[in-house]
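Each chain, written out:
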Amino acid sequence: MTSGVRACFVAAVDLPAVIDSHAHLAMFPPAERLKLLARARDVGVHTVLAPATGLEDLAVVAALPQEHQGVFVALGFHPHQARELDSAAKRELERALAHPGVVAIGEIGLDFHYMHSPREDQLAAFRWQLELAAERGLPVVLHHRQAWEPFLAVLDGARPVRGVAHSFTEGEAGVREVVARGLLVGISGMVTFPRADNVRAAARVVPAGALLVETDAPFLSPVPHRGKPNEPARVTLVAQEIARLRGEELGELERATDGAFADLFGVALP
Ligand SMILES: [Zn+2]
């Protein structure tokens with residue numbers, strides 16, 4: 001009896017239990033969300049951080065921690081939605097931060113690739129939300145795309161905050177810039193893409209305590225699921241590839257990333 005229980009326990013800890021530090025759960029219909037979170041738990045993914053992107057999903061994301069065990073959220077206006085951040089939207093964001101399970105402001109940053117919001121709106125929304133994070137003592141989930149120099153300049157002009165540069169693409173030199181600012185680096189399934197040498201270079205050199213692993217679901221499905229909708233269960237594939245690149249055991253990577261996540265977002269893990 002005792003040995004049977006122990007065998008079960010050993011099997012459970014042998015599963016690759018990693019955290020998905022960035023999944024857009026609000027982009028899935030509620031019924032699908034339940035199913036994909038069950039699939040995630042089946043492979044040992046016990047904790048998911050879901051970021052908001054703007055007015056459209058703010059209320060849905062804010063309610064997720066009450067609806068799903070192991071789900072924490074970041075609330076904020078993505079650079080694509082920066083144009084929505086008028087004074088009414090600011091009040092709505094400030095109010096929503098009071099929901100249980102809100103652990104960060106995000107995702108926020110700059111995206112000069114798509115330019116869905118004008119540059120000036122992006123800069124203003126990024127600065128205002130960084131100040132809000134500093135005021136509230138919350139960490140930030142940061143988005144950067146084709147805006148690296150202005151992104152760093154805004155961070156340097158703001159009060160210091162803790163946070164993670166998610167879905168990192170800026171290679172080895174970029175890692176040094178981010179880590180020097182006390183920020184963490186989030187590596188996504190891009191690390192499995194044949195042409196993403198910059199992401200692999202970053203994954204190799206991030207210090208252990210500064211690394212988080214993510215899916216960015218429903219985007220960026222890792223190989224061999226590329227092109228299909230991504231989901232938190234696949235964070236295990238991302239973690240396996242990162243562990244391989246770093247020459248680490250998966251368990252070692254998992255312990256380090258769990259610790260970094262718990263420390264950054266101030267959450268207790270199961
Ligand atoms: Zn995202």
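In short, a report on the structure. Nothing here was measured: the structure is a model prediction, and the numbers come from that model.

What counts, and where the lines are drawn
- Residues numbered from 1 in each chain as written.
- Predicted model: local features only at pLDDT ≥ 70, side-chain atom pairs only at ≥ 80, totals over all residues.
- Heavy atoms only, no water.
- Helix = DSSP H or I, 4+ residues; strand = E, 2+ residues; numbered from the N terminus.
- Rg over C-alpha atoms; globule rule 2.2 N^0.38 Å.
- Buried < 20%, exposed > 50% of the residue type's maximum accessible area, 1.4 Å probe, protein only.
- Contact = heavy atoms within 4.5 Å.
- 1 Å grid on protein atoms, 1.4 Å probe; cavity = no way out; pocket = protein on both sides within 12 Å on 5 of 7 lines; lining within 4 Å.
- Points joined across faces, edges and corners; volume = space filled by probe spheres on them.
- Nonpolar A, V, L, I, M, F, W, Y, C, P; charged D, E, K, R; others polar.
- Salt bridge = Lys/Arg side-chain N within 4 Å of Asp/Glu carboxyl O.
- Pairing = 2+ DSSP bridges.
- Axes fitted to C-alpha atoms, helices over the stretch in contact; angles between N-to-C directions.

**Concerning the overall build of the chain**
- Within the chain one finds ten helices and seven strands.
- Taken against the 2.2 N^0.38 rule, which gives 18 Å for 270 residues, the C-alpha radius of gyration of the chain at 18 Å falls within 12% of a compact globule.
- Dimensions of the chain, computed from C-alpha atoms along their principal axes, come out at roughly 65 × 40 × 35 Å.
- A total of 270 residues make up the chain; the buried ones form 54% of that total.
- In the chain, 69% of the contacts between residues at least 6 apart in sequence involve partners at least 24 apart.

**Regarding the layout of surface pockets**
- Considering only enclosed or pocket space, the largest pocket measures out at about 670 Å³ in volume.
- Around the largest pocket, the lining comprises 26 residues; the ones closest to its centre are H78, H80, H143, D216 and F219.
- For the lining of the largest pocket, the elements supplying multiple residues, two or more each, are helix 3 (55-67), strand 3 (102-111) and strand 4 (140-145).
- Of the residues assigned to the lining of the largest pocket, the class counts are seven nonpolar, twelve polar and seven charged.

**Looking at the pattern of salt bridges**
- All told, the structure shown has twelve salt bridges when counted by the stated rule.
- The partner of E172 in a salt bridge is R176, and the shortest N-O contact between them spans 3.9 Å. Residue E172 and its partner R176 are both found in helix 7 (residues 171-180); the two are separated by four residues, about one turn of the helix.
- Residue class for E172 comes out partly exposed when judged on its relative accessible area of 39%.
- Judged by its relative accessible area of 54%, R176 falls in the exposed class.
- A salt bridge links E241 to R244; the shortest N-O distance between them is 2.9 Å.

**Notes on the sheet that holds strand 7 (residues 211-213)**
- Strand order in the open sheet formed by seven strands is 1-2-3-4-5-6-7, and the pairing between neighbours is parallel. Looking at strand neighbours, the two that pair on one side only are strand 1 (48-51) and strand 7, the edges of this open sheet. Here the average twist between neighbouring strands, direction ignored, is 30°.
- In this structure, strand 6 (residues 184-187) lies alongside strand 7, joined through three bridges in parallel fashion. When the sheet's bridge partners are listed, G186 is paired in strand 7 with L212.

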